[in-house]
Amino acid sequence: MTSAQIRQSFLDFFASKQHAIVPSSSLMPTAPNLLFTNAGMNQFVPYFLGDQTAPWKRVADTQKCIRAGGKHNDLEDVGFDTYHHTMFEMLGNWSFGDYFKKESIQWGWELLTKVWGIPAKRLFATVYSPDKSKGDPADFDHEAHAIWAEIFKAAGLDPAVHIVNGNKKDNFWMMGDTGPCGPCSEIHFNLLPSDDEAAGRAGVNQSSPRCIEIWNHVFIQFNANADGTFVPLAAKHVDTGMGFERVAGIHATTNGFKDFSGEPSNYNADVFKPTFDKLAELSGKTYTKTVPTKRDGLSEQVQIDIAFRVLADHARCVSCAIADGILPGNEGRNYVIRRILRRGIMYGRKSMGLKIGDFTALVGPVVESLGDVFPELKTQRVMVERAIRAEEESFGKTLDRGMDLFDQSFFNTLYKVLMPVLLKTEKGFAVFYKNHKGLSVGTKPFDLQINLEEDYTNTFTNLGLEVPKFPGKATFELYDTYGFPLDMTQVLATERGLTVDEKGFDKLMEEQRERGRAARKTDIIVASTEGDTVAEATKFVGYDINGTSATHATLVDVVKTEKDTYLVFDQTPFYAEMGGQVGDTGHALINGVKVDFTDCVKDKSGRHLHKVSGALNPQLSALNSTAVLAVDFHRRRAIARQHTSAHLLNWALRKMLGTHVRQFGTHKTPDRLRFDFTHFEALTAAQIKECEQLINEKVIDNAPVFYADVLHADVSSRTDILQFFGDKYGKDVRVVQIGGESQNGKAKLDGYSMELCGGTHVSTTGEIGLIKIVAEMAIAAGTRRIEAVAGQAALDFVAHEEAALKAVNARLNAGAHDVAQKLEHLLDHQKALEQKLKAFEAKASAALASELAATAVSKDGLNWISTVVTTDSPEALRSLGSQVLNKIGDGVVQLGAIFDGKVSVVAFCSPAAIKAGHQAGKLISALTSKLGGKGGGKPDFAMGGGGDAAKLPEVLKL
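Let me sum up the structure you'll find in this document. A quick note: this is a predicted structure, and the numbers were derived from the prediction, not measured.

### Here's the deal with the packing of aromatic side chains
Phase 1 of the analysis: All told, the structure shown has 38 aromatic pairs when counted by the stated rule.
Phase 2 of the analysis: For the pair Phe-44 and Trp-56, a centre-to-centre distance of 6.5 Å together with 90 degrees between the ring planes defines the contact as edge-to-face. Of this pair, Phe-44 sits in the loop between strand 1 (20–21) and helix 2 (45–49) while Trp-56 is found in the loop between helix 2 and strand 2 (58–66), placing the two residues 12 residues apart along the sequence. The pair formed by Phe-44 and Trp-56 is uniform in burial state, with each residue classed as buried.
Phase 3 of the analysis: Residues Tyr-267 and Phe-276 carry aromatic rings whose centres are separated by 6.4 Å and whose planes lie at 10 degrees to one another, so their mutual orientation is stacked.
Phase 4 of the analysis: The class for Phe-276 is buried, based on a relative accessible area of 10%.
Phase 5 of the analysis: Cluster of aromatic residues (ring-pair linked, three or more members): Phe-44, Tyr-47, Phe-48, Trp-56, Trp-94 and Phe-96.

Printed below as a string of structure tokens:
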């Protein structure tokens, strides 16, 4: 089987077991405490917690994961072994309160041994056995053990040999310090040449690449409380995960699980072949599969093979991240992606001789190998390539600065160690001079000349010195600021005979991690446990309201926080803030008393929380009270205009700039809209005009806006219906369609703009009235922002612009037809006057220079002028000083002037003055120190300033 066939056979197998096959979620996590999606279960957390009802009982998928930051970080290991990755696929199957241990284990065994043909004798299972002396929770997993024992007996194998007990560290899964948790059962695969059972068992849970875990079955049945107790969950779940690259690599290495003589490697999987082939083409190098046994003193071929693996992994990681909207940047997850990209560039440049643009060339092979299973790679390929190319060009400059820092730190290290020895001993001088010809003798003290490309190991040995360490502080700065991975700095240091101060580096890294931990909020996660009732989501009935609508509802809860009070009803017309659209305001009549609401938000259970204005009368908080709810419809309509305008703006940008444009965030209020999108250059004035033209044509067209509630599975693969990675969609979704036709009052899904959206919109585009783009700007690398206004806000904007234009017209005595011409004429006239003024100033300055030159004092064969003058600016002072020096010939000029109470001084020295020992920089340093300031410069010219203006005449006296 190929890698793709292995993936598909996994999904087909679980589809045959009535599992819904769902797409991978975005690498951009929905959980705020995660840098990246790092496990297949991330997108299903609300179902495990009981916050939401799962739309399916059984699910399977392949999930993109990144582990390169935070708790899970495999970055520094990538390349140095054959099984770590920054980005990998996790094949998984889940049960949400449906089947449990028996089916999960039995199906796992069936797939591995019956479908894929893995020899049963080579498989071992672990079960949870708590170490009570260490406080491990829960009891021995008798249920899982019994299931495995039955399976191994049926296969003619001894359960006592093939079942291995594991403690909390190896066999108890926890989401965090609190929250859902439970025992797990791992399946380990003996990859030794021999299928000896005792040898295979000995490798289980020993981090051996020859007896490796390939599938983890987690049985989520408890909730860990903050007080350390564990209670049963209301519903039990199954969460399994299998590393796709690992099983595909084993299959390739063993020729279909038949020949175990070769060294296992994930990189043997054909999913990496297109990238390896491209790297060989670009570099002229060959991948020979060597693996280092240490981190320093590596041969050239070993370094090349490390680079192949690093680049193949990092190209996949960066491409998938950018395709999901995680662009290289300076903070958080964006910075991690930038570091991974730079690490790849470093290895390509150092070990393979790659140049700028070669990392970008790896996007194509990644799309070739992964584009069918992750289609966003295909649709976003242009954006991915442009983002990487921009980073490559930028990092080329940063890399040079990083090497400068390395060289300077290297020089300083050698200087501190060698100079004291060389100055004290003749032997030291002789040894160093013989080896490197680097120490010269002159009229001044010894000057150490260090060749930054030399290996100084022999020098240290011959002088009886220990090899010095490259500073940990510099290593950390190279890592943190310039993207130099630790292992790359180690290689550079080793080439020059140094080792790296890893303890110093690790200390600074830990301090950084501690700062991150201190800044990170730790949530106490509570899942629904036995006896709990799950809060029911509020029914939303507000899509089709009008100015006279009133909704009858029942008060079901009152939620109080430290500052505010919120009311919860069984149903509501109030839209809760979501998807960038602000929440509704309005009021309720409860027992005939009006209660104003200033906002509406949604909690994790889907309940709409209506924020009460001020204090709530206790008499109105009785549960089951009847209420009549009314939304501020005028405000709602204004928001709807902005929201539909955002959809039109998205459509226009994609039509005009290309489909690489992706919505990156929006915000819609009654007064304006903000639309963030991926694009790599500023929009020109012509493009902004074209965009406005496109969207207002659709407004004038008065196209209908339709809706349709559909199954997500029915539209998830349609590229013409926009959905946004990072958003979590349930089983049912709402499509907002502009243009096209309807069927039975619902969208026919044939419009020119179609998006998955739960927000509120106008009924026809004509209701918007007008859309104006107010501003366009950059907010991050590869991300732009447009601010716009629609409806009455757009009319107000135009009125303000017209008023400003009329004011200009009045001042210029012009009309709208000739104001630009008159303004241009005025600017030309101003420019001509400025040129004349400069000519007069130059003439006056020349006259003043002549007057000053006539006052020169002769001293030691040089002409000196040192005086206070009056000029318009420091620049004019500098120009005057230059003119004076030209007129006096050989000499020194010192001039000072006062600008807004502050002193500026300049000094000029002719070549003859410099030869005589006078330097402008030193003169200015002396003058400004007396004036309470500072300054300096070159021997021929210098400039400075001070704050004590009263002393200026005295200081300039010769």
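### Considering the sheet that holds strand 37 (residues 934–937)
Strand pairing in a sheet relies on backbone hydrogen bonds. The paired strands run either parallel or antiparallel.
Phase 1 of the analysis: The six strands lie next to each other as 33-34-35-36-38-37, forming an open sheet whose pairing is mixed. Each edge of the open sheet carries a strand with a single partner, namely strand 33 (857–859) and strand 37. The mean inter-strand angle of the sheet, taken between neighbouring strand axes irrespective of direction, is 20 degrees.
Phase 2 of the analysis: Sheet topology places strand 37 next to strand 38 (residues 941–946); four bridges connect them, and they run antiparallel. Counted as the bridge partner of Gly-935 is Gly-944 from strand 38.
Phase 3 of the analysis: With respect to the sheet, helix 25 (residues 874–888) is in contact with strand 34 (862–868), strand 35 (891–899), strand 36 (902–909) and strand 38, its orientation differing from that of strand 35 by roughly 155 degrees.

### Considerations on the nonpolar core
Phase 1 of the analysis: Ranked by internal contacts, the top residues of the largest apolar core, which has 122 residues, are Trp-116 and Trp-148.
Phase 2 of the analysis: Ranked by the residues each element gives to this core, the list is headed by helix 10 (residues 300–323), at 15 residues.
Phase 3 of the analysis: With residues near it in sequence (within four places) discarded, Trp-116 still touches Met-1, Ile-6, Ser-9, Phe-10, Leu-111, Met-242, Val-247 and Phe-257.

### Topic: the pattern of salt bridges
Phase 1 of the analysis: Per the counting criterion, the structure on display carries 34 salt bridges.
Phase 2 of the analysis: Across the salt bridge formed by Lys-507 and Glu-511, the nearest N and O atoms sit 2.7 Å from each other. Remark: Glu-511 and Lys-507 occur in helix 19 (residues 502–519); sequence separation between them is four residues, near one turn of the helix.
Phase 3 of the analysis: Residues joined by salt bridges that share partners form a network here, namely Lys-64, Asp-324 and Glu-376.

### Structural notes on the packing of helix 3 (residues 101–115) against helix 4 (residues 142–154)
Two packed helices can be described by the angle between their axes and the distance between those axes.
Phase 1 of the analysis: Running from N to C, helix 3 and helix 4 point in directions that differ by 35 degrees, and their axes come no closer than 10 Å. Considering only the axes of helix 3 and helix 4, their crossing is right-handed. Touching Lys-101, Lys-102, Ile-105, Gln-106 and Trp-109 of helix 3 are Glu-143, Ala-144, Ile-147, Trp-148, Ile-151 and Phe-152, all from helix 4.
Phase 2 of the analysis: For the contact of helix 3 with helix 4, the class distribution of residues is seven nonpolar, one polar and three charged.

### Regarding the side chain of His-679
Phase 1 of the analysis: Along the chain, His-679 falls in the loop between strand 25 (673–678) and helix 21 (685–701).
Phase 2 of the analysis: The exposure class assigned to His-679 is buried, which follows from its relative accessible area of 4%.
Phase 3 of the analysis: Among residues more than four places away in sequence, those in contact with His-679 are Arg-386, Leu-657, His-660, Gly-782, Thr-783 and Arg-784.

Analysis parameters
- Residues numbered from 1 in each chain as written.
- Predicted model: local features only at pLDDT ≥ 70, side-chain atom pairs only at ≥ 80, totals over all residues.
- Heavy atoms only, no water.
- Phe/Tyr/Trp six-rings, centres within 6.5 Å; stacked < 30°, edge-to-face > 60°.
- Helix = DSSP H or I, 4+ residues; strand = E, 2+ residues; numbered from the N terminus.
- Buried < 20%, exposed > 50% of the residue type's maximum accessible area, 1.4 Å probe, protein only.
- Pairing = 2+ DSSP bridges.
- Axes fitted to C-alpha atoms, helices over the stretch in contact; angles between N-to-C directions.
- Contact = heavy atoms within 4.5 Å.
- Core = buried A, V, L, I, M, F, W, Y, C linked by side-chain atoms within 4.5 Å.
- Salt bridge = Lys/Arg side-chain N within 4 Å of Asp/Glu carboxyl O.
- Left-handed = near helix turned anticlockwise from the far one by under 90°.
- Nonpolar A, V, L, I, M, F, W, Y, C, P; charged D, E, K, R; others polar.

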